[in-house]
Amino acid sequence: MAAIPRERTVDSSLALLKEGYTFIGSRCQRLGSDIFRTRLTGRPAICLFGAEASEMFFTPGRFTRKGALPPTTLRLLQDLGSVHQLDGEAHFQRKQMFLSVMRPAEAERLAAVFADHWQARIPTWEAMPEVALFDEIEALLCRAACSWAGIPVSERSARKRTAEFAAMLEGAGAIGSRLVRGLLLRNRCERWARRVIERVRDGSREAPPESAAYAIAWHRRPDGVLLDAGVAAVELINVLRPTVAIAYFVTFAAIALHEHPAWAERLRTGSPQELEWFVQEVRRISPLFPLSAGRVLQPFEWRGHHVAGGTWMILDLYGTNRDPRSWDDPHVFRPERFRDWDGSPFNFIPQGGGDHATGHRCPGEWATIEILKQAVQLLTATMRYDVPEQDLRVDLSRMPTLPNSRFVIRNVQHVAEPGQE
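Since the structure is predicted, the reported quantities are computational estimates derived from the model, not experimental observations. (Residues numbered from 1 in each chain as written. Predicted model: local features only at pLDDT ≥ 70, side-chain atom pairs only at ≥ 80, totals over all residues. Heavy atoms only, no water.)

What follows concerns the overall build of the protein. Summing up its helical and strand segments, the protein has 15 helices and ten strands in all. Compactness check: the protein gives a C-alpha radius of gyration of 21 Å against a globular reference of 22 Å for 421 residues, within 12% of the reference. Principal-axis analysis of the C-alpha atoms gives the protein an extent of 70 × 55 × 40 Å. Of all 421 residues assigned to the protein, the portion counted as buried reaches 53%. (Helix = DSSP H or I, 4+ residues; strand = E, 2+ residues; numbered from the N terminus. Rg over C-alpha atoms; globule rule 2.2 N^0.38 Å. Buried < 20%, exposed > 50% of the residue type's maximum accessible area, 1.4 Å probe, protein only.)

Bringing the packing of aromatic side chains into the picture now. Within the structure shown, the criterion is met by 15 aromatic pairs. Geometrically, the ring pair formed by Tyr 214 and Trp 218 is tilted, given 6.4 Å between the ring centres and 50° between the ring planes. For Trp 218, a relative accessible area of 34% gives the class partly exposed. In textbook terms, an aromatic cluster arises when at least three aromatic residues are bridged by ring pairs, as seen for Phe 57, Phe 58, Phe 63 and Phe 300. Above the ring of Trp 312, the side-chain terminus of Arg 43 is found at 3.9 Å from the ring centroid. Across the ring face of Trp 327, the terminal group of Arg 284 is positioned such that the distance to the ring centre comes to 5.4 Å. (Phe/Tyr/Trp six-rings, centres within 6.5 Å; stacked < 30°, edge-to-face > 60°. Lys NZ or Arg CZ within 6 Å of the ring centre and 35° of its normal.)

Inspection of the secondary structure assignment puts Thr 38 in strand E1 (residues 35-40). Residue Thr 38 is classed as buried on the basis of its relative accessible area, which comes to 6%. Among all residues touching Thr 38, those that are not within four sequence positions of it are Glu 7, Thr 9, Ser 12, Arg 43, Pro 44, Ala 45 and Cys 47. (Contact = heavy atoms within 4.5 Å.)

Our focus in this paragraph is the nonpolar core. Soluble globular proteins: nonpolar side chains tend toward being buried together. Grouped together as the largest cluster of nonpolar side chains are 94 residues, with contacts concentrated most on Trp 118, Trp 125 and Ile 137. Once residues within four sequence positions are removed from consideration, Trp 125 is found in contact with Trp 118, Val 131, Leu 133, Glu 136, Ile 137, Leu 140, Met 383 and Val 412. Membership of the second largest hydrophobic core comes to 18 residues, among which are Ile 4, Ile 35, Ile 46 and Leu 48. (Core = buried A, V, L, I, M, F, W, Y, C linked by side-chain atoms within 4.5 Å.)

Moving on: a nonpolar patch on the surface. Together, Leu 14, Leu 17 and Ile 175 give the surface a local cluster of nonpolar side chains, amounting to about 330 Å² of exposed area. Within the fold, Leu 17 resides in helix H1 (residues 13-19). Taking relative accessible area as the criterion, Leu 17 reaches 34% and is therefore assigned partly exposed. (Patch = residues over 30% accessible without salt bridge, like charges linked within 9 Å, V, L, I, M, F, W, Y side chains within 5 Å. Areas by Shrake-Rupley, 256 points an atom, 1.4 Å probe, with all protein chains shown as cover. Salt bridge = Lys/Arg side-chain N within 4 Å of Asp/Glu carboxyl O.)

With respect to the helices, strands and loops of the structure, Glu 164 is situated in helix H8 (residues 155-171). Apart from the residues within four sequence positions on either side, Glu 164 is in contact with Leu 185, Arg 188 and Cys 189.

Another point: the pattern of salt bridges. Under the criterion given, the structure shown has 31 salt bridges. Arg 325 is paired through a salt bridge with Asp 34; the nearest N and O atoms lie 2.9 Å apart. Of this pair, Arg 325 sits in the loop between helix H14 (317-320) and helix H15 (365-382) while Asp 34 is found in the loop between helix H2 (23-31) and E1, placing the two residues 291 residues apart along the sequence. A salt bridge links Arg 406 to Asp 135; the shortest N-O distance between them is 2.9 Å.

Time to look at helix H5 (residues 88-101). The end-to-end C-alpha distance of H5 is 20 Å, a good match for the 20 Å that 14 residues give at a rise of 1.5 Å each. When we look at burial in H5, the residues that qualify are His 91, Arg 94, Lys 95, Met 97, Phe 98, Leu 99 and Val 101. The inward-facing, buried residues of H5 contact helix H6 (104-127), helix H7 (133-148), helix H10 (212-217), helix H11 (229-259) and H15. (Expected span 1.5 Å × (residues − 1).)

The strand order across the open sheet formed by five strands is E1-E2-E8-E5-E3, and the pairing between neighbours is mixed. Either end of the sheet is taken by a strand with one partner, and the two such strands are E1 and strand E3 (63-64). Across three bridges, the pairing between strand E2 (residues 43-48) and strand E8 (residues 312-316) is parallel. In the strand pairing of E8, Ile 46 is matched with Met 313. (Pairing = 2+ DSSP bridges.)

On to the sheet that holds strand E9 (residues 383-386), then. Paired through their backbone hydrogen bonds, the strands of a sheet run either parallel or antiparallel. Taken in spatial order, the three strands of this open sheet run E4-E10-E9, and their pairing is antiparallel. Of all the strands in the sheet, the pair left with one neighbour each is strand E4 (131-132) and E9. Bridging between E9 and strand E10 (residues 408-414) involves three bridges; their strand directions are antiparallel. Bridge assignment links Arg 384 to a residue of E10, and that residue is Gln 413.

What follows deals with empty space enclosed by the protein. Here the structure, examined in full by the defined rule, presents one cavity of 30 Å³ or more. The computed volume of the largest cavity comes to approximately 60 Å³. Phe 249, Arg 283, Ser 286, Pro 287, Leu 288, Phe 289, Leu 317, Tyr 318, Asn 321 and Pro 350 are the residues that line the largest cavity. Across the lining of the largest cavity, the residue classes break down as seven nonpolar, two polar and one charged. (1 Å grid on protein atoms, 1.4 Å probe; cavity = no way out; pocket = protein on both sides within 12 Å on 5 of 7 lines; lining within 4 Å. Points joined across faces, edges and corners; volume = space filled by probe spheres on them. Nonpolar A, V, L, I, M, F, W, Y, C, P; charged D, E, K, R; others polar.)

The structure is reproduced here in structure tokens:
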């Protein structure tokens, strides 16, 4: 068996924190390999890059997600007992529940609710001297997600939930105060979510039978037993928090419209196909979560390398989406590239790869696409605004990251649709 190239360092944890999104890709380029060994947090790890590695990584049954994330990241983004921590039939059965809740028709309904909340907020933005778009979109997505899920919240509760989901996301790739705040607010959010589940079950809170809250509250394990209320609360959060995370993509979409005004003009009257290309290119090039990790269930060979059972393997999502072997001029924003994209589930993996039903690809991907479409249409056809000078630099060592200014707009004006003047 060929030896896997090894990084010449005792431990790369500090380098990962310093370099963030570029950590794996830069080393693969330097080593001339799509695979290398290193140590992270004292643990041996194998890092991977590219579409072929993605296809291997997302092969059903090859990996378990148990023990694949640092405990604090697991706590903030998945938690024990969640669908991400299951394997085999238990994972498949729980995943079907999520796929039902997040099916394309429900994704469209969620996006429509989000658009209604956005439209209702425009008059407030018109009266504001400036609007930090990211912060506003997080709040809108939280309200929309809760309403769509069958648990409409008061203004006070919405502010709390938005702060909690935001802290979980901001703390997931951090150390220090961001991490501590995320863990504290996660605890508070779980108490709220557990109360929601318990009240749906005892009938004191009415949730529509087609809603996410109802589906999760009454979901049963393969043995026919209802999920523990705490586990159900975790899964409710695992529907709501990722929806709030779409604010990152929406912000990068707004920046793309600002930096590519020809596309902004084109999309005002463009075709649905052009809108799809634009949204997909935003997802391809935007930095959200950079990595996916798993532990090997059974030994296997790949490209002449032996990989032992139990090995911790980490796939570069960010780098694979920018791999020049899959994408011409990968760092250039060019939505037209999706005209000829072959639809591969392995070279375009902003929310995981492979099949939604059998693997660990995010079931919220359809909602992300539909919400982004609505956001782009609202930004181009329903609003006019100015973009003042600001710091749009993006710190790739911060995970997840944003432009330093969080994208500020001014002089917001509502544009009436034809027939509404």
